[in-house]
Amino acid sequence: MPIGIMSAIPEENRRLVEALEGPEDVVIDGMREYHSGTLFGEPVVLVFSRCGKVAAATTATALISRFDVRSIVFTGVAGSLSSDVRVGDIVVADRLVQHDMDASPLFDAFEIPLLHRSYFDGDRGLTRALIAGGEAFVGDLASHVTPDDLAQFAIGTPRVSRGLVLSGDQFVTDRAYARSLCERLPGALCVEMEGAAVAQVCFEYGRPCGVVRVISDAADETAAFDFTAFVDRVATHFSYGILEHALPIIGGALRAR
Ligand code: SAH
C-alpha cells in the first residue's frame, strides 16, 4: 500500500512530482492529479489538493478510498502563532484542531458535532519520522536553499518543534485575531487551512496521519507580502528535503507494524 502525500499549493508538490520514479501513473479525478510512483524508495501517491478544509478533506478521502493509501502525510506552509516559532522553522503537528468549528451552544466550541472530539492526534510514528526528517534536512539546509534566499527571509538555523496546529478556512492576517485564537486554544504553534481536516478524515478511516509545516509568515498584517516568493524559493525545497529524509523512516516504521 502506498503512502499518500498531500500539499495545498502547487509549488510544495512540484519538486516531489519531478523526483517521482517509475513505473509512474497519473489519474485525474475531481480536478486533482494523483501521481503514483516511487519517491525516495517508497511507493507513494502525490497530490496537490488546493487550499482549505473542503479541498483537503475530499482529497484525503479519495487517497484512502480510491488509492488505498496506508497513511497520509501533509506537507505545507503555515503562519506562526508563537514567539518561539519563526519564519523558516518547521512545525510537526502532534495535535490538530479546526479553529473555525463552532456549533455552540449545541456542542462545545471546536467540537466536531457527533464525533465527540475537538482534537485529532498526529500519528506518533509519523510525527517522530517527520521530526527526524526535519532535523536531518536542517543539517543539510545549505545544499537545498541558496544563501541569498535564506538571507532574504532572515532564516538562520531553523528550529524543529512539535505541538498544536490550528486549521480553518481563513488566511490569518490579523494580529488581534491570531492572539484571540491563541487565548482560546492555548499552546498553538501555527495556523493553516488543511491539516485538521485531513486528520479528521484519517481518524474516521483509521489511517495514520502526519502533518509537517514550514513557517511562511507571522499570521499578521505582513503575512501576504512575501508569501509567493517564500513558497516558490524556500517552501518547495523544505517539502522535498524533509520528505527525502523522513520517507524512508516512515516506510520502515509502517512495514514494522
Ligand atoms: N493563492 C495562494 C493561496 C494561499 S492560501 C497560493 O496558492 O499561493 C495559504 C496557504 O498557506 C494555505 O494552504 C494555508 O494552509 C497556508 N498558510 C500559510 N500561512 C497562513 C496563515 N497565516 N493563515 C492561514 N493559512 C496559512
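Below: a short report on this structure.

**Here we look at the site of the ligand**
No. 1: What surrounds the ligand is a group of 18 residues, the closest being Q170, V172, M193, E194 and D217.
No. 2: Note that an oxygen atom of the ligand is positioned 2.9 Å from one of the backbone N or O atoms of M193.
No. 3: Burial of the ligand by the protein chains amounts to 79% of its free accessible area of 570 Å².
No. 4: Those elements that place two or more of their residues in the shell around the ligand are β5 (71–80), β9 (188–192) and β10 (209–217).

**A few points about the environment of L243**
No. 1: Within the secondary structure, L243 is located in helix α7 (residues 227–256).
No. 2: In this structure the C-alpha to C-alpha distance between L243 and L130, which are 113 residues apart in sequence, comes to 7.6 Å.
No. 3: What L243 contacts, discounting residues up to four positions off in sequence, is I5, L16, F40, V73, T75, L130 and P248.

**Remarks on the nonpolar core**
No. 1: Membership of the largest hydrophobic core comes to 73 residues, with the highest contact counts inside it found for I5, M6, I72, V198, F238 and I250.
No. 2: In terms of residue count, the dominant contributor to this core is α7 (13 residues).
No. 3: Leave out the neighbours within four places in its chain, and M6 touches V47, S49, A56, T59, A60, L63, I72, V73, F74, T75 and V198.
No. 4: Counting residues in each nonpolar core, the second largest holds twelve residues, with F110, V172, V191 and A219 among its members.

Cut-offs used in this document
Residues numbered from 1 in each chain as written. Predicted model: local features only at pLDDT ≥ 70, side-chain atom pairs only at ≥ 80, totals over all residues. Heavy atoms only, no water. Near = heavy atom within 4 Å. Polar contact = N/O pair within 3.5 Å; in protein donor to acceptor, adjacent residues only side chain to side chain. Areas by Shrake-Rupley, 256 points an atom, 1.4 Å probe, with all protein chains shown as cover. Helix = DSSP H or I, 4+ residues; strand = E, 2+ residues; numbered from the N terminus. Contact = heavy atoms within 4.5 Å. Core = buried A, V, L, I, M, F, W, Y, C linked by side-chain atoms within 4.5 Å. Buried < 20%, exposed > 50% of the residue type's maximum accessible area, 1.4 Å probe, protein only.

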